[in-house]
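The lines below spell out each chain.
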Amino acid sequence: MKIGMRLLLGYFLIVAIAAWFVLNIFLQEVKPGVRRATEGMLVDTATLLAQFARTDMLSGNPQHGQLAQAFSQLANYRVAANISGITKTRNEYRVYLTDAKGMVVFDSAGVALGQDYSQWNDVWLTLRGRYGARSSQIDPKDENSTVMYVAAPVREDGRLIGVLSVGKANSTMEPVIRRSERRILWAGAALLGIALLIGLAFVLWINRSVGRLVRYADSVTDGEQLPLPAMNSSELRKLARALESMRLKLEGKRYIEHYAHALTHELKSPLAAIRGAAEIIQELPPPEVTRQFSANILQQNARMQRLIDNLLRQARLENRPEISRQLIDLLPLMNALRDSRVVQSQGKNVHIETDSLDGLEVFADRLLLEQALANLLDNALDFTPPGGNVVLRAENQDSTVVIQIIDSGSGIPAYAEPYIFDRFYSLPRSNGEKSSGLGLAFVREVARLHQGSITLLNLAEGGVCASLTLKKQP
């Protein structure tokens, strides 16, 4: 499992557990909270009605007193209230009044008149000067049929003359409780959704940042030199700098090892030839033989000198931080390259032609571009047999210019295609000799410095097309 997905799951699990605890506490508190609020209202209502009940008790006929008349009229009054989406259509209170002995002398429901309620907690506790309340089931088989009763004392001159109880069915509170629970659950779902979106955004940011570092590391593995990606986090910036430092150290080590190995390999042949020629000259052969092997020593010395010069040029190019670019007219540059190879092309009986739009310009370093095209042209001449053709062509392609050098040689063998741009890798020329193997590596480095590209493709009709793509404008 990817680290981003693990972070997302871990983050979401923490948020989900926290949300579950919070929601569970809220849901557990909804029902008791609503009932506590309802009980508080019942206390206020019972205390208020007890003042009216005192007059009814003193009249001696509470069944026809003010409370009885009020509830009689209330039965014919239709309530039409919409309380935040909850519709209330009738009075939900039940009120009964007992005397000082607990006998019911008035009941708004008309079902308990004359009964002894002195044993019910609301009446029993209130008669003893304490707060009286109870919750009782109307139907013993139905747990949802409970009614909450709250009592208030009825006093006259400090003397307890009765108890007034106000009751309200708990089922009337269910709509409020369910609505509150739904809102809490919706809020919890919204919280989890927002947390998931935040987690996704965080994971995407982490994945994007790590992905940029991975692509940078992969580019180092593939030999590309991408710029160090900018990170938005101090920890990731430290990691990026550590990767960059490691890359530079590894590249420096590989660079030295590779060049030392390649230089040793390339110098073996000329050194062996020089040693053999020197040993023969030490034996004092005839002057003709001495001149022949002396010329061989000079030839091999010149070969080593060219190799060292090419290595130094390649090293300078690879360590070049900046290049000086300008707009260059390609046609004159290509014609100059063609003219500079007239002797070489005529000696091999190879025809060179140029094909470019007049005024076609490219944004590049003139010296590096000239050296790169010269390397490609020399390669084309080296691998083109006598009587062949080499074409220098340049054409527009969107915001770039493609410079092509096409030869009519034998093409690149399939086994050599993956290594053709490697340093010191070379193929036998048409005359059987091998080059230093640094020409195409130099061209690739020039293309990289210009943010361009270089490709070599075999043509169906034979030969190779080298395409150097560069920008037209700054």
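Residues numbered from 1 in each chain as written. Predicted model: local features only at pLDDT ≥ 70, side-chain atom pairs only at ≥ 80, totals over all residues. Heavy atoms only, no water.

Draft legend 1. Fine view of helix H9 (residues 366-382). For H9, spanning 17 residues, the distance from its first C-alpha to its last is 24 Å, which sits close to the expected 24 Å at 1.5 Å a residue. Along H9, the residues classified as buried are Leu 368, Leu 369, Ala 372, Leu 373, Ala 374, Asn 375, Leu 376, Leu 377, Ala 380, Leu 381 and Asp 382. Its side-chain oxygen placed 3.1 Å from the backbone nitrogen of Leu 367, Asp 365 serves as the N-cap of H9. (Helix = DSSP H or I, 4+ residues; strand = E, 2+ residues; numbered from the N terminus. Expected span 1.5 Å × (residues − 1). Buried < 20%, exposed > 50% of the residue type's maximum accessible area, 1.4 Å probe, protein only. Polar contact = N/O pair within 3.5 Å; in protein donor to acceptor, adjacent residues only side chain to side chain.)

Draft legend 2. Local environment of the packing of H9 against helix H10 (residues 439-449). The contact between H9 and H10 brings their axes to 9 Å, and the two run at 145°. When the axes of H9 and H10 are compared, the crossing they make is left-handed. Taken together, the residues of H10 that come into contact with H9 (itself represented by Leu 368, Gln 371, Ala 372, Asn 375, Leu 376 and Asn 379) are Gly 439, Leu 440, Phe 442, Val 443, Val 446 and Leu 449. Its residues assigned to classes, the contact of H9 with H10 shows eight nonpolar, four polar and no charged. (Axes fitted to C-alpha atoms, helices over the stretch in contact; angles between N-to-C directions. Left-handed = near helix turned anticlockwise from the far one by under 90°. Contact = heavy atoms within 4.5 Å. Nonpolar A, V, L, I, M, F, W, Y, C, P; charged D, E, K, R; others polar.)

Draft legend 3. Representation of the environment of Gly 387 within the structure. Within the element layout of this structure, Gly 387 appears in the loop between H9 and strand S11 (389-397). Spatially, the C-alpha atoms of Gly 387 and His 351 are 7.4 Å apart, while their sequence positions differ by 36 residues. Excluding residues that lie within four positions of it along the chain, Gly 387 makes contacts with Lys 348 and Asn 349.

Draft legend 4. Spotlight on the pattern of salt bridges. Tallied over the entire structure, the rule returns eight salt bridges. Ionic pairing is found between Glu 156 and Arg 54, a salt bridge with its closest N-O pair at 2.8 Å. Here Glu 156, found in strand S6 (residues 146-156), pairs with Arg 54, found in helix H1 (residues 3-59); they are 102 residues apart in sequence, far enough to count as distant. Owing to a relative accessible area of 17%, Glu 156 belongs among the buried residues under this scheme. With its nearest N and O atoms 3.3 Å apart, the salt bridge here joins Arg 338 to Asp 339. With relative accessibility at 25%, the residue Arg 338 sits in the partly exposed group. (Salt bridge = Lys/Arg side-chain N within 4 Å of Asp/Glu carboxyl O.)

Draft legend 5. Expanded view of helix H7 (residues 330-340). Of all the positions in H7, only Leu 330, Leu 331, Leu 333, Met 334 and Leu 337 are classed as buried. Projected down its long axis, H7 carries its buried residues within an arc of 165°, all on one side. Close packing links the buried residues of H7 with strand S8 (326-329), strand S9 (351-356), strand S10 (361-364), H9, S11 and strand S12 (400-407). (Arc of directions from axis to C-beta.)

Draft legend 6. Examining unusual backbone geometry more closely. Not every positive phi belongs to a glycine, and Asp 157 is a case in point at roughly 55°. Mapping Asp 157 onto the fold places it in the loop between S6 and strand S7 (159-169). Classification of Asp 157 by relative accessible area gives exposed; the value is 75%. Backbone geometry at Asp 398 places phi at a positive 55°, although glycine is not the residue there. Checked against the element boundaries, Asp 398 lands in the loop between S11 and S12. Asp 398 sits in the exposed class, given a relative accessible area of 74%.

Draft legend 7. Spatial organisation of the pairing of strand S13 (residues 453-458). Relative to strand S14 (residues 464-471), S13 runs antiparallel, the two being bridged by six bridges. When the sheet's bridge partners are listed, Leu 457 is paired in S14 with Cys 465. (Pairing = 2+ DSSP bridges.)

Draft legend 8. Spatial organisation of the environment of Ala 70. Take Ala 70: it is sitting in helix H2 (residues 66-75). Taking C-alpha positions, Ala 70 is 9.6 Å from Ser 108, a pair spaced 38 residues apart along the chain.

Draft legend 9. View of the packing of aromatic side chains. All chains considered together, the criterion is met by four aromatic pairs. Seen from their ring centres, Tyr 96 and Tyr 117 are 5.0 Å apart, and the 80° between their planes marks the pair as edge-to-face. A residue pair is termed long-range when its members are at least 10 positions apart, and Tyr 96 in strand S3 (residues 93-99) and Tyr 117 in the loop between strand S4 (104-107) and helix H3 (121-127) qualify at 21 residues. In this pair, the class of Tyr 96 matches that of Tyr 117, namely buried. With 5.6 Å between their ring centres and 50° between their planes, Tyr 96 and Tyr 149 make a pair best called tilted. Highlighted residues: Tyr 96 in strand S3 and Tyr 149 in strand S6, separated in sequence by 53 residues. What makes Tyr 149 buried here is its relative accessible area of 5%. Chaining the aromatic ring pairs together yields one cluster made of Tyr 96, Tyr 117, Trp 120 and Tyr 149. We note Arg 134 situated over the ring of Trp 120; from NZ or CZ to the ring centre the distance is 4.1 Å. (Phe/Tyr/Trp six-rings, centres within 6.5 Å; stacked < 30°, edge-to-face > 60°. Lys NZ or Arg CZ within 6 Å of the ring centre and 35° of its normal.)

Remember, this is a structural readout, not a statement about activity or role.
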